[in-house]
Amino acid sequence: MLKDAPINLLDYDRQGLEALFLEMGEQRFRASQAMKWIYSEQQLDFAAFSNFSKTLRAQLADDYIAQVPDMISEKVSKDGTVKWLLKVDDVNAVETVYIPEKNRGTLCVSSQVGCTLNCTFCATGAQGFNRHLTTAEIIAQVWVAAKQLGHTAQDRKITNIVMMGMGEPLANYKNVLPALNIMRDDFGFGFANKRVTVSTAGLVPYINQLNQDADVSLAISLHAPYDELRNQLVPLNKKYNIATLLDSCKNFVQNKRKARITIEYTLIDGMNDLPEHAHALGKLLKQLPTKINLIPFNPFPGTAFKQSKPQNIERFKEICMKHGLITTVRKTRGDDIDAACGQLAGDFMDRTRRSATIKKIPLGVVA
Ligand code: SAH
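What you are looking at is a predicted structure, and each value in this text was computed from that prediction instead of being measured.

1. Here we look at the overall build of the protein
Item 1. Assigned secondary structure in the protein consists of eleven helices and 15 strands.
Item 2. The globule rule puts the C-alpha radius of gyration for 367 residues at 21 Å, and the 21 Å found for the protein is close to it.
Item 3. Seen through its principal axes, the protein has C-alpha atoms that stretch 70 × 45 × 40 Å.
Item 4. By residue count, 55% of the 367 residues in the protein fall in the buried class.
Item 5. Intrachain contacts of the protein at a sequence separation of at least 6 include 67% that bridge at least 24 residues.

Given below as structure tokens:
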């Protein structure tokens, strides 16, 4: 009889691992011990789990694995940004980006190979959707980045994690939630709740679910102050409009102390960057504790959109600030290695063939 595929321990958060070990007739605490080996010691070989008995190590080796995807490439930008391409299977690869700044280092993690949402200004959306990443493939991005950067509990090269890579994290909720748990678990990567941010185009039911399940930070990709315009940029808006979205954001911050929702707003020339848009945004966001992150549009092959002019970005920012909003402009980082926002394309075969009209972006080679 064919043996079942081995279970990857990286697919489980602590609660899941506890259930696994109990099923094996082991004690619950084996879960935190295993996590310490995998995430703190960066040890994937069961033979090295020295506080496990020989029998347990052998049992693990028989039915389980602790595995991360192979790295296809590591590209370093002249500004220090690093992008890794990880091979998740024979036809799919995903990207993870590390952005070092003076007092922090942010890791931008992907949740899907491609994306179903088809936001009109995003390279990932333009490439179509192939599949959800597993929990192991999501948390392995942190694992690989930590290993490559020499990140440890004592020397924290990564200080923040943002789910702003390829894909819509809340569309892959089942696999993303355990990964968020491992990021924040003391036996995992031990990030403070507020330093782990989930970014969403506005999947309202899952924002509400996340509010119950994980005390993380939330970022909303708004990009427009009115429904008519947002429908064009983020088609998901036709399902969950701005009012519904902001209502769920209000609930999200209600019981959290000092929490602010990050509002991402990509500035596209002549599209959503006029003074009237900034005023409307200012009025709209009065009802919510937010900080606005303006992102100059990053072009990619095949797009008709253009980046807002610097003086229009500045004008937009000033109007927002006059409305009393905390507003920053995101610096474009890593554009020389195609690692800027919205440029992550990974490397995969588009099953939806949506990319037929878009020139494929060559990024590494999948063996
Ligand atoms: N699906 C999630 C995460 C995606 S990417 C979400 O929508 O939030 C993170 C941010 O980059 C989003 O705000 C996204 O709208 C923005 N973005 C996408 N393409 C972009 C581009 N070409 N230039 C600038 N920002 C872009």
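Next comes the rest of the write-up.
2. Focus on the packing of helix α5 (residues 135-149) against helix α6 (residues 173-184)
The relative placement of two packed helices is expressed as an angle between their axes plus a distance between the axes.
Item 1. It is at 8 Å that the axes of α5 and α6 come closest, and there the two elements cross at 35 degrees. Classified by chirality, the crossing of α6 by α5 is right-handed. Taken together, the residues of α6 that come into contact with α5 (itself represented by Thr135, Ile138, Ile139 and Val142) are Lys174, Asn175, Val176, Pro178, Ala179, Ile182 and Met183.
Item 2. Class assignment of the residues belonging to the contact of α5 with α6 gives a composition of eight nonpolar, two polar and one charged.

3. Some points on the site of the ligand
Item 1. Neighbouring residues of the ligand: 20 residues in total, closest Phe121, Ser199, Ser221, His223 and Asn298.
Item 2. One nitrogen or oxygen atom from the side chain of Glu264 is found 3.1 Å from an oxygen atom belonging to the ligand.
Item 3. With respect to the ligand, the side chain of Thr266 contributes an N or O atom lying 3.1 Å from a nitrogen atom.
Item 4. When isolated, the ligand has an accessible area of 540 Å², and the protein chains bury 95% of it.
Item 5. Among the secondary structure elements, those contributing two or more residues to the shell around the ligand are β10 (196-200), β12 (261-267) and β13 (290-296).
Item 6. For the shell around the ligand, a count of residues per class yields nine nonpolar, nine polar and two charged.

4. Thoughts on α6
Item 1. In this model, α6 (twelve residues) spans 16 Å end to end at C-alpha, consistent with the 16 Å of a helix rising 1.5 Å per residue.
Item 2. Along α6, ten of the twelve residues are buried, which leaves the element largely enclosed by surrounding structure.
Item 3. Residues Tyr173, Asn175, Val176, Leu177, Pro178, Ala179, Leu180, Ile182, Met183 and Arg184 constitute the buried set of α6.
Item 4. For α6, the elements touching its buried residues are α2 (30-40), β8 (129-132), α5, β9 (160-163), β10 and α7 (204-213).

5. Looking at unusual backbone geometry
Of all residues except glycine, most have a negative phi; of all peptide bonds, most are trans.
Item 1. Notably, Asn118 is not glycine yet its phi reads approximately 60 degrees, a positive angle.
Item 2. The residue His223 is not glycine, and still its phi comes out positive at about 65 degrees.
Item 3. Structurally, the position occupied by His223 is in the loop between β11 (217-221) and α8 (227-233).

6. Quick look at the environment of Tyr98
Item 1. Topologically, Tyr98 is positioned in strand β5 (residues 92-100).
Item 2. With sequence-adjacent residues up to four places away left out, Tyr98 is seen in contact with Gly80, Thr81, Val82, Trp84, Gly105, Thr106, Leu107, Leu149, Lys157 and Ile158.

7. Observations concerning the pairing of β13
Item 1. Burial analysis of β13 places six of its seven residues in the buried class, which makes it a mostly covered element.
Item 2. The pairing of β12 with β13 spans seven bridges and is parallel. In the sheet register, Ile263 faces β13, and the bridge partner there is Ile292.
Item 3. Taking the sense of rotation as the criterion, the β-α-β connection linking β12, helix α10 (residues 275-284) and β13 turns out right-handed.
Item 4. The pairing of β13 with strand β14 (residues 326-329) spans four bridges and is parallel. Paired with Leu294 across the bridge in β14 is Val329.

8. A look at a positive patch on the surface
Item 1. Residues Arg156, Lys194, Arg195, Arg257 and Lys258 make up a contiguous surface patch of positive charge.
Item 2. Mapping Arg257 onto the fold places it in the loop between α9 (242-254) and β12.

9. Observations concerning the packing of α7 against α9
Item 1. Viewed as axis vectors pointing N to C, α7 and α9 meet at an angle of 0 degrees, and their least axial separation amounts to 10 Å. Classed by the angle they form, the pair α7 and α9 counts as roughly parallel. Seen from α7, the contacting residues are Val204, Ile207, Asn208, Leu210 and Asn211; seen from α9, they are Thr244, Leu245, Ser248, Asn251 and Phe252.
Item 2. Across the contact of α7 with α9, the residue classes break down as five nonpolar, five polar and no charged.

10. Focus on the packing of aromatic side chains
When we look at a pair of aromatic rings, we describe it by the centre distance and by the angle of the planes.
Item 1. Here the structure, examined in full by the defined rule, presents nine aromatic pairs.
Item 2. Seen from their ring centres, Tyr39 and Phe189 are 5.2 Å apart, and the 65 degrees between their planes marks the pair as edge-to-face. Of this pair, Tyr39 sits in helix α2 while Phe189 is found in the loop between α6 and β10, placing the two residues 150 residues apart along the sequence. The pair Tyr39 / Phe189 is uniform in exposure class, with both members buried.
Item 3. Ring geometry for Phe49 versus Phe52: centroids 5.4 Å apart, planes at 90 degrees, classification edge-to-face. This pair shows no difference in class: Phe49 is buried, exactly as Phe52 is.
Item 4. One aromatic cluster in this structure is built from Phe21, Trp37, Phe46, Phe49 and Phe52.
Item 5. One Lys or Arg, Arg30, reaches over the ring of Phe52 and ends 5.1 Å from the middle of that ring.
Item 6. Over the aromatic face of Phe191 sits the side chain of Arg156, whose NZ or CZ is 4.7 Å from the ring centroid.

Parameters and conventions
Residues numbered from 1 in each chain as written. Predicted model: local features only at pLDDT ≥ 70, side-chain atom pairs only at ≥ 80, totals over all residues. Heavy atoms only, no water. Helix = DSSP H or I, 4+ residues; strand = E, 2+ residues; numbered from the N terminus. Rg over C-alpha atoms; globule rule 2.2 N^0.38 Å. Buried < 20%, exposed > 50% of the residue type's maximum accessible area, 1.4 Å probe, protein only. Contact = heavy atoms within 4.5 Å. Axes fitted to C-alpha atoms, helices over the stretch in contact; angles between N-to-C directions. Left-handed = near helix turned anticlockwise from the far one by under 90°. Nonpolar A, V, L, I, M, F, W, Y, C, P; charged D, E, K, R; others polar. Near = heavy atom within 4 Å. Polar contact = N/O pair within 3.5 Å; in protein donor to acceptor, adjacent residues only side chain to side chain. Areas by Shrake-Rupley, 256 points an atom, 1.4 Å probe, with all protein chains shown as cover. Expected span 1.5 Å × (residues − 1). Pairing = 2+ DSSP bridges. Right-handed = clockwise from strand over helix to strand, strands pointing away. Patch = residues over 30% accessible without salt bridge, like charges linked within 9 Å, V, L, I, M, F, W, Y side chains within 5 Å. Salt bridge = Lys/Arg side-chain N within 4 Å of Asp/Glu carboxyl O. Lys, Arg positive; Asp, Glu negative; His and termini not counted. Charge placed at Lys NZ, Arg CZ, Asp CG, Glu CD. Parallel < 35°, antiparallel > 145°, perpendicular 65-115°, else oblique. Phe/Tyr/Trp six-rings, centres within 6.5 Å; stacked < 30°, edge-to-face > 60°. Lys NZ or Arg CZ within 6 Å of the ring centre and 35° of its normal.

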